[in-house]
Amino acid sequence: MKNITDIFFDLDHTLWDFDANSVLAFDKIFAEHHPTIATNAFIKIYAPINQACWKLYQVDEITHEELRYSRLRQSFDALNYTISDEEINHIAHYYIEYMPDNNQLFDGAIEVLEYLKPKYNLHIITNGFAEVQGKKINNSGLGKYFNTITNSEMAGVKKPHATIFEYALSLANVKKENAIMIGDCIDADIRGAINFGMKAILFDEKGIYAAEGLQTINHLLELKKIL
């Protein structure tokens, strides 16, 4: 890691705890509009569906409008909960509106950023929607740590496409051999970065990818031993 000058982080599921903040957003939505729905029961169904929809979105098989609708429609259908398309679109709007108001970060996120900031240039590369990601970053107090923020709308493509990494490195004015990517998605973040020619560290909080042979951390504070 001697040549590393710049660190690129993913945002959702890496620094910003998407799952925890998602629960808080749905708690508010259901309390206001669908009080018979238990959030925990909904999330158990929603979480894998959302992940599957994001995989389709990353490879341009669905649009972001289809993502927002489909993950909810599939979840309500799996619950056998009768709901109109109009109401699903309302919930999709509330969800995007409420999510950035919640600021749950992964344990150690601020501590490790405080440690890294004096030593490296820090950046974010995210596939998330620009309108939402900026609010998440600012509301959670993450903004002051990062020199640049690249989202897929700016780059015109999503991770793992090489162009988004090229765009982010150009914005940061750094060569790929001096940069490293840290993220939770083995395909979009890690293989995307490695295929582009960058180093990468997988944040595998639940130990799912132990057999993959990648440089991996299970807690953000482990970065202090590596970088």
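Rules of the game
- Residues numbered from 1 in each chain as written.
- Predicted model: local features only at pLDDT ≥ 70, side-chain atom pairs only at ≥ 80, totals over all residues.
- Heavy atoms only, no water.
- Helix = DSSP H or I, 4+ residues; strand = E, 2+ residues; numbered from the N terminus.
- Axes fitted to C-alpha atoms, helices over the stretch in contact; angles between N-to-C directions.
- Parallel < 35°, antiparallel > 145°, perpendicular 65-115°, else oblique.
- Left-handed = near helix turned anticlockwise from the far one by under 90°.
- Contact = heavy atoms within 4.5 Å.
- Nonpolar A, V, L, I, M, F, W, Y, C, P; charged D, E, K, R; others polar.
- Core = buried A, V, L, I, M, F, W, Y, C linked by side-chain atoms within 4.5 Å.
- Buried < 20%, exposed > 50% of the residue type's maximum accessible area, 1.4 Å probe, protein only.
- Arc of directions from axis to C-beta.
- Phe/Tyr/Trp six-rings, centres within 6.5 Å; stacked < 30°, edge-to-face > 60°.
- Lys NZ or Arg CZ within 6 Å of the ring centre and 35° of its normal.

Section: unusual backbone geometry
Negative phi characterises most residues that are not glycine, and trans characterises most peptide bonds. Pro-160 follows Lys-159 through a cis peptide bond whose omega is 15°. Here Pro-160 is to be found in the loop between helix H7 (152–155) and helix H8 (162–172). For Asn-80, which is not glycine, the phi torsion reads 60° and is therefore positive. Relative to the helices and strands, Asn-80 resides in the loop between helix H3 (64–78) and helix H4 (85–98). A positive phi angle, near 60°, is found at Asn-173, a position not held by glycine. Here Asn-173 is to be found in the loop between H8 and strand E4 (179–183).

Observations concerning the packing of helix H1 (residues 18–33) against helix H2 (residues 39–58)
The geometry of H1 relative to H2 is characterised by a closest axis approach of 10 Å and an angle of 130° between their N-to-C directions. On the basis of the axis angle, H1 is oblique to H2. Regarding H1 and H2, the two cross each other, and that crossing is right-handed. Of the residues in H2, those touching H1 at Phe-18, Ser-22, Val-23, Phe-26, Asp-27 and Phe-30 are Thr-39, Phe-42, Ile-43, Tyr-46 and Asn-50. Along the lines of polarity and charge, the residues of the contact of H1 with H2 split into 7 nonpolar, 3 polar and 1 charged.

Concerning the nonpolar core
Formed by 54 residues in total, the largest nonpolar core has its most connected members in Ile-7, Phe-9 and Phe-26. For this core, the leading source of residues is H2, giving 7 residues. If near-sequence neighbours (up to four positions away) are discounted, Ile-7 is found in contact with Leu-116, Tyr-120, Asn-121, Leu-122, His-123, Ile-180, Ile-182 and Leu-227. Residues Phe-165, Ala-168, Ala-179 and Leu-202 belong to the second largest nonpolar core, which totals 18 residues.

Details of helix H5 (residues 109–116)
Looking at H5, one finds that the buried residues are Ala-109, Val-112, Leu-113 and Leu-116. In an axial view of H5, the angular spread of the buried residues amounts to 100°, which keeps them on one side of the axis. Tucked into the core, H5 has its buried residues touching strand E1 (6–9), strand E2 (121–126) and helix H10 (223–226).

Observations concerning the packing of aromatic side chains
For the structure shown, the criterion picks out 17 aromatic pairs. Between Trp-16 and Phe-18, the aromatic rings sit 6.4 Å apart at their centres with planes inclined by 70°, giving edge-to-face as the arrangement. Ring pairs connect the aromatic residues Phe-26, Phe-30, Phe-42, Tyr-46, Phe-76, Tyr-81 and Tyr-95, which therefore count as one cluster. Directly above the aromatic system of Phe-129 lies the positively charged group of Arg-68, at a separation of 4.4 Å from the ring centroid. Over the ring of Phe-196 we find Lys-176, and its NZ or CZ is 4.0 Å from the ring centre.

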